[in-house]
Amino acid sequence: MNTNKVSYKTVSIDTKTIFYREAGKETSPTILLLHGFPSSSHMFRNLIPILAKDYHVVAPDLLGFGLSSHCDHKEFSYTFDNLAYYINLFTLELKLDKFAIYVFDYGAPVGFRLALSNPEKITGIISQNGNAYEEGLSEGWNPIRKYWTEKTSQNRDALKSFLTEETTKWQYLYGVNDTSLVSPDGYNSDQYFLNRKGSTDIQLDLFGDYSNNVALYPKFQEYFRTYQPPFLATWGKNDPFFLAVGAECFKRDNPNAIVKLYDTGHFALETHLEEIGAEIRSFLAKVYKIL
């Protein structure tokens, strides 16, 4: 049996369904891939086979994203605490006792919460444009910051511009030197799910809750200082939302952190898959002492 092939599965947890992609031998070291906004595990479609040669790779869709349960926001509270809570239950259901995490965008506050609550389980961290420092937040966050401080319907409605087809495509293409390298599969897939009934309120709720991630930054940083996990930051340095300085900041609390900057945008895997895949494999080989 070729374990490098990707399997597409679901698991039911507390009446919710979590969709996930899985590849590699279950006996191999595990890496948990956590996507961001407005994507899903689909963003890892090309990375998973590269990592599955030596690792057990698991990539779930967060609740409200992709093919996982898409609950009404009036019936389920879309907060990052809740997203992390269900991903933690997901790891327990799959009996993932120890694992490295690859965090991107929204996946960072979810993954870092897992690390805070289960430090003994985390074997290493790869952060690809997954921020944990206020210095890493660009001015692109200003409309969302305004909503944090004044939760008016006017400020909430203003954030709907982040959910349009034009903005989704822009997120993929901004900062990319050769946009012909960016497959339309990514932004078209993301927009399909953003266009579903109820998605707008889900995403606006999460925009509003993101302030709680920023409030946790000192705790995340304390975790990095205390536990010094093997750490690799692979960053599209032209990201319009998470600045490259945010990647460099990891070295402040974890001096052994490795930082690799790439001349691309937010969705760095779209243009630098081979380079990032090789960097991750080299990093994990040292972590697990695989020769």
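From a predicted model like this one, the values you see are computed outputs, not experimental measurements.

What follows is about the pairing of strand β1 (residues 7-13). Note: β1 against strand β2 (residues 16-23), 7 bridges, orientation antiparallel. Looking across to β2, one finds that Lys-9 is bridged to Tyr-20. Between β1 and β2, which pair antiparallel and follow one another directly, the connecting turn spans 2 residues, one of which, Asp-14, has a positive phi of 50°.

Right, let's talk about the side chain of Arg-21 for a bit. Assignment of secondary structure puts Arg-21 in strand β2. Asp-61 is the oppositely charged side chain nearest to the buried, salt-bridge-free Arg-21, at an N-O distance of 5.2 Å. At 2.7 Å, the side chain of Arg-21 and the side chain of Ser-41 are in polar contact.

When you line up the elements, Tyr-20 lands in strand β2. C-alpha separation for the pair Tyr-20 and Ser-138, spaced 118 residues apart in sequence, amounts to 31 Å. Setting aside its immediate chain neighbours within four residues, Tyr-20 contacts Ser-7, Tyr-8, Lys-9, Thr-10, Val-11, Val-58, Ala-59, Pro-60, Phe-90 and Leu-94.

Bringing helix α2 (residues 80-93) into the picture now. With 14 residues, α2 ought to run about 20 Å at 1.5 Å a step, and its terminal C-alpha atoms sit 20 Å apart, in line with that. All of the buried residues in α2 are Phe-80, Leu-83, Ala-84, Tyr-86, Ile-87, Asn-88, Phe-90 and Thr-91. Downstream of α2 by one or two residues, Lys-95 has phi in the positive range, about 60°.

Attention shifts here to the packing of aromatic side chains. Tallied over the entire structure, the rule returns 35 aromatic pairs. An angle of 50° between the planes, with centres 5.2 Å apart, marks the rings of Phe-104 and Phe-267 as tilted. Taken together, the positions of Phe-104 in the loop between β5 (99-103) and α3 (107-117) and Phe-267 in the loop between β8 (258-262) and α10 (269-287) put the pair 163 residues apart, joining distant regions of the chain. Taken together, a centroid distance of 6.2 Å and an interplanar angle of 40° make the contact between Trp-141 and Trp-148 tilted.

Okay, the packing of α3 against helix α8 (residues 199-227) next. Where α3 contacts α8, the axes come no closer than 10 Å and their chain directions differ by 45°. Taken as axis vectors, α3 and α8 run oblique relative to one another. Crossing angle aside, the handedness with which α3 passes α8 is left-handed. Listed contacts from α8 to Pro-109, Phe-112, Arg-113, Ala-115 and Leu-116 of α3 are Tyr-210, Asn-212, Asn-213, Leu-216, Lys-219, Phe-220, Tyr-223 and Phe-224.

Along the polypeptide, Thr-149 turns up in helix α4 (residues 142-149). Taking the C-alpha atoms as reference points, Thr-149 and Ser-12, separated by 137 residues in sequence, lie 36 Å from one another.

This next bit is on the sheet that holds strand β3 (residues 30-34). Across the sheet, which stays open at both edges, the 8 strands sit in the order β1-β2-β4-β3-β5-β6-β7-β8 with mixed pairing between neighbours. Only two strands of the sheet have a single partner each, and these edge strands are β1 and β8. Averaged over neighbouring strand pairs, the angle between their axes works out to 20° when direction is ignored. With 3 bridges connecting them, β3 and strand β4 (residues 56-60) associate as parallel partners.

With that settled, consider the pattern of salt bridges. Under the counting rule described, the total for this entry stands at 11 salt bridges. Each of Arg-156, Asp-201 and Asp-205 takes part in salt bridges that share partners, so that together they form one network.

This part covers the nonpolar core. Leu-32, Phe-90, Phe-112, Phe-207, Tyr-210, Phe-224 and Phe-250 are the most contacted members of the largest nonpolar core, which totals 64 residues. Per-element tally for this core: the top contributor is α8, with 10 residues. Residues within four places of Tyr-210 in sequence aside, it is in contact with Phe-80, Tyr-106, Pro-109, Trp-141, Trp-148, Tyr-217 and Phe-242. Counting 32 residues, the second largest nonpolar core, distinct from the first, contains Tyr-55, Ala-59, Leu-269 and Leu-273.

Each value, and the rule that gives it
Residues numbered from 1 in each chain as written. Predicted model: local features only at pLDDT ≥ 70, side-chain atom pairs only at ≥ 80, totals over all residues. Heavy atoms only, no water. Pairing = 2+ DSSP bridges. Helix = DSSP H or I, 4+ residues; strand = E, 2+ residues; numbered from the N terminus. Buried < 20%, exposed > 50% of the residue type's maximum accessible area, 1.4 Å probe, protein only. Lys, Arg positive; Asp, Glu negative; His and termini not counted. Salt bridge = Lys/Arg side-chain N within 4 Å of Asp/Glu carboxyl O. Polar contact = N/O pair within 3.5 Å; in protein donor to acceptor, adjacent residues only side chain to side chain. Contact = heavy atoms within 4.5 Å. Expected span 1.5 Å × (residues − 1). Phe/Tyr/Trp six-rings, centres within 6.5 Å; stacked < 30°, edge-to-face > 60°. Axes fitted to C-alpha atoms, helices over the stretch in contact; angles between N-to-C directions. Parallel < 35°, antiparallel > 145°, perpendicular 65-115°, else oblique. Left-handed = near helix turned anticlockwise from the far one by under 90°. Core = buried A, V, L, I, M, F, W, Y, C linked by side-chain atoms within 4.5 Å.

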